[in-house]
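Coordinates in review
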Amino acid sequence: MALSRKVILTFIVSLLWVSQLAAQTGSISGRVTDAATFGAVAGAGVVIEGTQRGTTTGPDGAFTLSNVPPGTHSVTARFIGYAPLTQQVTVRPGQTTTVEFSLQRQAVVMDEIVVTGYGAQRRAAITGSLTSIDAAEANVGVITNVNDLIQGRVAGVEITRNHGEPGAGQQIRIRGGTSITASNEPLYVIDGVVIQNLATESSGIGIGGGVADVNSSSFAALPRSPLNLINPSDIKSITILKDAAAAAIYGTRGANGVILIETKQGQRGRATFEYDAYVSIASPARRLDLLSGDEYRQFVQDQGLSAQVPIGSANTDWEREVTRTAITQNHNVAFSGGSAATQYRASFSYMNQEGVALSSALERFNGRLNATHYIWDDRLQLRL
């Protein structure tokens with residue numbers, strides 16, 4: 001019974017001490033906004049200089065710092081892309097002081113970060129041979145698949161198309177072939193997930209049915225590239241590992257090099273909407289200089305073969321009959337945004353590319369959704 005009284009007495013004293021302590025401290029609350037747009041800056045850091053007290057702003061740019069000792073403090077708000085702003089704030093016991101931060105945009109020079117398969121590093125700290133491609137700069141013109149973003153932009157990488165049909169399969173060789181009997185294809189890794197470079201997409205029709213199969217008398221249509229299933233507008237960056245460091249990370253699968261593809265993710269801040277489209281026209285640059293029907297008949301008559309070779313009166317240009325002026329259209333729509341805890345991005349694209357040769361075309365519908373959610377004070381990350 002005496003022990004219970006001591007426990008109750010201790011609990012009451014603790015409550016009184018905490019209440020007294022709370023009465024001796026104050027709090028700081030406010031909002032961080034963009035000076036140009038007056039919009040909220042979500043995820044900005046707000047700290048009291050010289051202390052460990054700090055917090056981040058919510059989706060509406062609001063923040064609260066609790067249990068701040070009385071007195072005048074230097075409070076700083078920071079966010080990437082903005083100049084930091086410091087204000088003097090006076091805190092009184094048991095009261096909440098309100099302060100507003102209006103941040104000015106400022107260009108920031110940052111070290112280039114490269115994804116290497118086992119994490120992200122600054123380029124200056126990497127000793128292996130690799131090349132990074134900014135997809136935003138490479139995604140110009142008519143881009144059918146991801147391989148087109150690499151074409152002609154990386155030293156030591158050769159790309160050969162299987163045929164001229166839209167969406168054709170492509171062979172990539174990084175610093176040449178390494179085997180006579182085994183595969184020389186590089187390893188593809190998309191957002192940390194290894195994919196197989198197999199012809200999983202249906203083959204094209206092709207004029208004449210495709211190419212001859214040496215093991216049979218039939219014709220087999222050439223396969224299309226599996227990377228057609230990825231929308232180039234969803235690509236953020238491409239990193240190509242070209243030396244033995246790739247095998248050190250991925251084992252023998254990376255013996256022919258590794259192509260790391262990083263896709264776009266949702267960012268903290270206000271929701272944004274993006275739409276881009278283009279239309280292009282393609283036609284044969286040159287045509288064969290052939291005889292017309294009348295010229296051919298005159299040639300046969302001059303050779304004295306008109307009685308032996310039956311010729312009609314047709315005048316068909318078969319080269320023009322099997323080709324056309326091809327039209328390509330591409331449309332991309334994307335939504336992105338998020339708060340400090342959840343970021344999302346959704347995209348949809350439609351592409352219809354006609355081939356110059358009849359019966360050749362590529363029509364693609366592509367949709368993608370990704371989301372990232374942080375719980376338990378960012379200790380656990382859930383990704384979709």
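Residues numbered from 1 in each chain as written. Predicted model: local features only at pLDDT ≥ 70, side-chain atom pairs only at ≥ 80, totals over all residues. Heavy atoms only, no water.

**A look at the overall build of the protein chain**
- Within the protein chain, the secondary structure is distributed over six helices and 23 strands.
- Taking all contacts inside the protein chain whose residues are at least 6 apart in sequence as the whole, residues at least 24 apart take part in 59%.
- Roughly 23,000 Å² of accessible area belongs to the protein chain as shown, and the carbon and sulfur atoms make up 55% of that amount. (Helix = DSSP H or I, 4+ residues; strand = E, 2+ residues; numbered from the N terminus. Contact = heavy atoms within 4.5 Å. Areas by Shrake-Rupley, 256 points an atom, 1.4 Å probe, with all protein chains shown as cover.)

**Here's the deal with the pairing of strand β7 (residues 96-103)**
- The alternating pattern of β7 places Thr-97, Val-99, Phe-101 and Leu-103 on a buried face and Thr-96, Thr-98, Glu-100 and Ser-102 on a face that is not buried.
- Across eight bridges, strand β1 (residues 26-34) lies against β7 in parallel orientation. What sits directly across from Asp-34, in β7, is Leu-103. (Buried < 20%, exposed > 50% of the residue type's maximum accessible area, 1.4 Å probe, protein only. Pairing = 2+ DSSP bridges.)

**Topic: the sheet that holds strand β4 (residues 62-68)**
- A sheet is described by the order of its strands in space; here three strands give the open sequence β4-β1-β7, paired in mixed fashion. On the outer flanks of this sheet lie β4 and β7, each paired with one strand and no other. Averaged over all pairs of adjacent strands, the angle between strand axes in this sheet comes to 20 degrees, irrespective of strand direction.
- Pairing between β1 and β4: five bridges, direction antiparallel. Within β4, the residue paired with Arg-31 across the bridge is Ala-62. (Axes fitted to C-alpha atoms, helices over the stretch in contact; angles between N-to-C directions.)

**Points about the nonpolar core**
- In this structure, Ile-150, Ile-238, Ile-240 and Ile-259 are the most contacted members of the largest nonpolar core, which totals 21 residues.
- At the level of secondary structure, the elements contributing two or more residues to this core comprise α2 (135-138), α3 (147-150), β11 (157-161), β12 (170-174), β13 (187-190), β17 (235-241) and β18 (258-263).
- Once residues within four sequence positions are removed from consideration, Ile-259 is found in contact with Ile-150, Ile-172, Ile-174, Pro-186, Leu-187, Tyr-188, Val-189, Ile-238, Thr-239 and Ile-240.
- Core analysis: the next-biggest nonpolar cluster, separate from the first, contains 17 residues, Val-32, Val-41, Ala-44 and Val-46 among them. (Core = buried A, V, L, I, M, F, W, Y, C linked by side-chain atoms within 4.5 Å.)

**Quick look at a nonpolar patch on the surface**
- A surface patch of nonpolar side chains, amounting to about 440 Å² of accessible area, comprises Phe-273, Tyr-275, Phe-335 and Tyr-344.
- Counting through the fold element by element, Tyr-275 comes out in strand β19 (residues 269-282).
- Look at Tyr-275 and you get partly exposed, because its relative accessible area is 47%. (Patch = residues over 30% accessible without salt bridge, like charges linked within 9 Å, V, L, I, M, F, W, Y side chains within 5 Å. Salt bridge = Lys/Arg side-chain N within 4 Å of Asp/Glu carboxyl O.)

**Side note on the packing of aromatic side chains**
- Counting across every chain of the model gives four aromatic pairs.
- Ring plane angle 50 degrees and centroid distance 5.1 Å describe the contact between Phe-273 and Phe-335, whose orientation is recorded as tilted. Note that Phe-273 is positioned in strand β19 and Phe-335 in strand β20 (residues 326-338), a separation of 62 residues in sequence.
- In this structure Phe-335 comes out as partly exposed when scored by relative accessible area, which is 43%. (Phe/Tyr/Trp six-rings, centres within 6.5 Å; stacked < 30°, edge-to-face > 60°.)

**So, the environment of Gln-106**
- Secondary-structure assignment places Gln-106 in the loop between β7 and β8 (113-115).
- Sequence spacing of Gln-106 and Pro-84 is 22 residues, and the spatial spacing of their C-alpha atoms is 9.2 Å.

**Regarding the side chain of Asp-148**
- Locating Asp-148 in the fold gives a position in helix α3.
- Those residues within four positions of Asp-148 in sequence are excluded, and the remaining contacts are Ile-143, Arg-153, Arg-161 and Gln-170.

**Focus: helix α5 (residues 293-302)**
- When α5 is considered as a whole, its buried residues turn out to be Gly-293, Arg-297 and Val-300. Each buried residue of α5 sits inside an arc of 60 degrees when the element is viewed along its axis, so together they form one side. (Arc of directions from axis to C-beta.)

**Observations regarding the pattern of salt bridges**
- Under the defined criterion, the tally for this structure stands at seven salt bridges.
- In this structure, the salt-bridge partner of Glu-185 is Arg-173, at a minimum N-O distance of 3.0 Å. Here Arg-173 lies in strand β12 and Glu-185 lies in the loop between β12 and β13, a separation of 12 residues in the sequence.
- The partner of Arg-297 in a salt bridge is Asp-294, with the nearest N and O atoms 2.5 Å apart. Of this pair, Arg-297 and Asp-294 both sit in helix α5, three residues apart, which is roughly one turn of the helix.

**Details of the sheet that holds β17**
- The strand order across the open sheet built from five strands is β10-β17-β18-β13-β14, with neighbouring strands paired in mixed fashion. Looking at the sheet topology across the chains shown, the edges are occupied by β10 (130-134) and β14 (193-195). Each strand of the sheet is rotated relative to its neighbour by a mean of 20 degrees, with strand direction disregarded.
- As judged from the six bridges shared by β17 and β18, these two strands associate in the antiparallel manner. Within β18, the position partnered with Ser-237 by the bridge is Glu-262.

**Things to note about the environment of Leu-384**
- If you trace the backbone, Leu-384 turns up in the segment after β23 (380-383).
- Residues Leu-384 and Thr-372 lie 12 residues apart in sequence; the distance between their C-alpha atoms is 6.4 Å.

**A word on the confidence of the model for the protein chain**
- In this model, the protein chain carries an average pLDDT of 78, and 78% of its residues clear a pLDDT of 70 or more.
- Scored below 50 in pLDDT, residues 121-127 makes 14 contacts in the model with residues more than four places away or belonging to other chains.
- In the model, residues 200-221 has pLDDT below 50 throughout and makes 36 contacts with residues more than four positions away in sequence or in other chains. (pLDDT = per-residue confidence, 0-100.)

**Observations regarding unusual backbone geometry**
- Here the phi dihedral of Phe-38 falls at roughly 65 degrees; this positive angle occurs in a residue that is not glycine.
- Examined against the element boundaries, Phe-38 turns out to sit in the loop between β1 and β2 (45-48).
- Residues other than glycine seldom take positive phi values, yet Asp-191 does so here, at roughly 55 degrees.
- Assignment of secondary structure puts Asp-191 in the loop between β13 and β14.
- Note on Asp-191: relative accessible area 37%, which makes it partly exposed.

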